[in-house]
Amino acid sequence: MLTATGALGLGALLAACGGGEQKPAASGTADGGPWSFKDDRGKVARTDKTPKNLVAFVSTAAALHDYGIECTGVFGPSKPVNGKPNPQAGNLDVAKLTSLGEAWGEFNVEKYAALQPDLLISNMFPPPALWFVPEESSKKIEALAPTVGIAGAHRSLREPLERVTDLAAALGADLKTRQVTAARARFDKAEATLRKAAEAKRGLKVLAMTGDAEQMYVAVPDSYCDLNYFKDLGIEFVEGKKSDEWGFWEFLSWENAGRYHADLIMIDNRSSALPAKELAKKPTWARLPAVKAGQTVPWAMEERYSYLGYAPVLEQLAAAISSSKKLSG
């Protein structure tokens, strides 16, 4: 997955979130009249009526599901990991959905066409490319149905959360249901808790990372929507220096894994990342003060953009910060 990046490059493939544009507009009618939605590329998707047959990147589909909007097909990692639900699939019952491909570049155009889609939706890291939509097939794919892209890089998490809410509403979601309002209330409470935890542990250094067999990748916080947002709440991050053209990561050989001191490490929880048992085999990783102290927490770097999805992320991070101590380098 890390080598088959195509024109997006390694940095974009590893990325998934973090500036801001004017909120795009949507229109539609309850009686099934013409529908439109202006996405984060500035493109307007238009259909004769509100789209019902939806296909989306798996975490985007999971976010819409939280608003009661269902997709018929998904693409991207959705299979269970070690017997547990894939973290990118949220509360989706993926067994009931048609998968167009799990890995990077595996988008089955013929299967997509057979679904007779009304609309395709994906994230963008960064625009204008749609996440997990192969560039070499993009023209064929976009000829089959309108597409919508939600930007998730170089901006605050608040923006994609709002944009997905806008899209869900445009697709017919009722934003006043008990589930939707309860999720927003839980998110707001978790935000206040995280802000309070960050204030109480001022000076605590947090590092976000992913890894593969050859390298450790230290995140550039401003490039990721969640880390960008966490900074706004007062969390102090280790600032990786941009190594790739997209500005998402600093690449370090495992021999240099200790370049930065961190009191708490956020570890990429995606199925594509180096798992904990493999990380443990890296001597330089095992010697990191935060690792030795057990001060690590999963980093849901491709969490679905919904308040229901992110509330537990904020709660978990707040708990990790509250229980962590400043460590000597």
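Residues numbered from 1 in each chain as written. Predicted model: local features only at pLDDT ≥ 70, side-chain atom pairs only at ≥ 80, totals over all residues. Heavy atoms only, no water.

S.K.: Could you clarify how one ought to interpret the overall build of the protein in this entry?
M.R.: When you go through the protein residue by residue, the secondary structure sums to 11 helices and 14 strands. Taken over 329 residues, the protein has a buried fraction of 54%. (Helix = DSSP H or I, 4+ residues; strand = E, 2+ residues; numbered from the N terminus. Buried < 20%, exposed > 50% of the residue type's maximum accessible area, 1.4 Å probe, protein only.)

S.K.: Got a minute to help me understand the side chain of Glu302 in this structure?
M.R.: Within the fold, Glu302 resides in the loop between β14 (296–299) and α11 (307–323). The class of Glu302 is buried, set by a relative accessible area of 5%. Here the side chain of Glu302 touches Gln88 through a polar contact of 3.2 Å, side chain to side chain. (Polar contact = N/O pair within 3.5 Å; in protein donor to acceptor, adjacent residues only side chain to side chain.)

S.K.: I tried to follow the nonpolar core on my own but got confused; where do I start?
M.R.: The nonpolar side chains of soluble globular proteins are, as a tendency, buried together. Membership of the largest hydrophobic core comes to 87 residues, with the highest contact counts inside it found for Phe230 and Met266. Dropping the residues within four chain positions of it, Phe230 is found in contact with Leu194, Ile235, Phe237, Met266, Val313, Leu314 and Leu317. Met209, Ala262, Trp285 and Ala290 belong to the second largest nonpolar core, which has 17 residues in total. (Core = buried A, V, L, I, M, F, W, Y, C linked by side-chain atoms within 4.5 Å. Contact = heavy atoms within 4.5 Å.)

S.K.: Looking at this model, I keep getting lost on helix α2 (residues 58–65). Mind explaining?
M.R.: An α-helix turns once per 3.6 residues; consequently, residues spaced three or four apart project the same way. Of all eight residues making up α2, seven are buried, and the element is well covered by its neighbours. If you check which residues of α2 are buried, you get Val58, Ser59, Thr60, Ala61, Ala62, Ala63 and Leu64. Those residues of α2 hidden inside the fold are in contact with β4 (54–57), β5 (73–75), β7 (119–124) and α5 (158–170).

S.K.: Even after reading the chapter, I still don't get the side chain of Thr284, so can you show me in this structure?
M.R.: Here Thr284 is to be found in helix α9 (residues 283–286). Its relative accessible area of 17% is what places Thr284 among the buried residues. Ignoring anything within four residues of it in the chain, the contact list for Thr284 reads Trp254, Glu255 and Ala257.

S.K.: Quick question: what am I supposed to make of the pairing of strand β10 (residues 215–219) here?
M.R.: Each regular strand shows side chains that alternate between the opposite faces of the sheet. Of all five residues in β10, four are buried, a share of seventy percent or more. For strand β9 (residues 205–211) and β10, the ladder comprises three bridges, and the chain directions are antiparallel. Its bridge partner being in β10, Met209 is matched across the sheet by Val218. Bridging between β10 and strand β12 (residues 249–253) involves five bridges; their strand directions are antiparallel. The residue of β12 that forms the bridge with Val218 is Glu250. (Pairing = 2+ DSSP bridges.)

S.K.: What am I meant to see in the packing of helix α6 (residues 178–200) against α11 here?
M.R.: Describing two packed helices takes the angle between their axes plus the distance from one axis to the other. Across the interface, α6 lies against α11 with an axial gap of 8 Å and an inter-helix angle of 20°. Of the possible angle classes, the one that applies to α6 and α11 is roughly parallel. Two packed elements cross with a definite hand, and for α6 against α11 that hand is left-handed. Listed contacts from α11 to Gln179, Ala183, Arg184, Arg186, Phe187, Ala190, Glu191, Thr193, Leu194, Ala197 and Ala198 of α6 are Tyr307, Leu308, Tyr310, Ala311, Pro312, Leu314, Glu315, Leu317, Ala318, Ile321 and Ser322. Grouping the amino acids of the contact of α6 with α11 by side-chain chemistry returns 15 nonpolar, three polar and four charged. (Axes fitted to C-alpha atoms, helices over the stretch in contact; angles between N-to-C directions. Parallel < 35°, antiparallel > 145°, perpendicular 65-115°, else oblique. Left-handed = near helix turned anticlockwise from the far one by under 90°. Nonpolar A, V, L, I, M, F, W, Y, C, P; charged D, E, K, R; others polar.)

S.K.: Would you explain the packing of aromatic side chains in this entry?
M.R.: Both the distance between ring centres and the angle between the ring planes are used here to describe each pair of aromatic rings. Counted under the stated rule, the structure contains 19 aromatic pairs. Aromatic side chains Trp104 and Trp131 sit 5.2 Å apart centroid to centroid with 65° between the ring planes, which places their arrangement in the edge-to-face category. On the criterion of sequence distance, the pair formed by Trp104 in the loop between β6 (98–99) and α3 (109–114) and Trp131 in the loop between β7 and α4 (138–144) is long-range, its members being 27 residues apart. Side by side, Trp104 and Trp131 carry an identical accessibility label, which is buried. (Phe/Tyr/Trp six-rings, centres within 6.5 Å; stacked < 30°, edge-to-face > 60°.)

S.K.: Would you explain the sheet that holds β4 in this entry?
M.R.: Strand pairing in a sheet relies on backbone hydrogen bonds, with the paired strands running either antiparallel or parallel. The sheet built from five strands is open, its strands ordered β6-β5-β4-β7-β8 with parallel pairing. Edge positions in the sheet fall to β6 and β8 (147–151), since each has one partner strand and no second. Seen against the sheet, α2 touches β4, β5 and β7 and runs at an angle of roughly 120° to β4. Across the sheet, α5 touches β7 and β8, and the angle it forms with β8 is around 155°.

S.K.: Would you take a moment to explain the pairing of strand β13 (residues 264–268) for this structure?
M.R.: For β13, the buried fraction is high: five of the five residues fall into the buried class. With four bridges joining them, β9 and β13 adopt parallel strand pairing. When the bridges of β13 are listed, Met209 appears paired with Ile267. Bridging between β13 and β14 involves four bridges; their strand directions are parallel. Bridge assignment links Asp268 to a residue of β14, and that residue is Trp299.

S.K.: Looking at this structure, how should I read the confidence of the model for the protein?
M.R.: As a note on interpretation, predicted positions should not be read in detail where pLDDT is low. Per-residue pLDDT for the protein averages 91, and the proportion of residues at 70 or more is 90%. When the criterion is pLDDT under 50, residues 1–9 qualifies, and its contacts beyond four places in sequence or with other chains add up to 21 contacts. Low pLDDT, under 50, characterises residues 18–24; the predicted model gives this stretch 26 contacts beyond four residues in sequence or across chains. (pLDDT = per-residue confidence, 0-100.)

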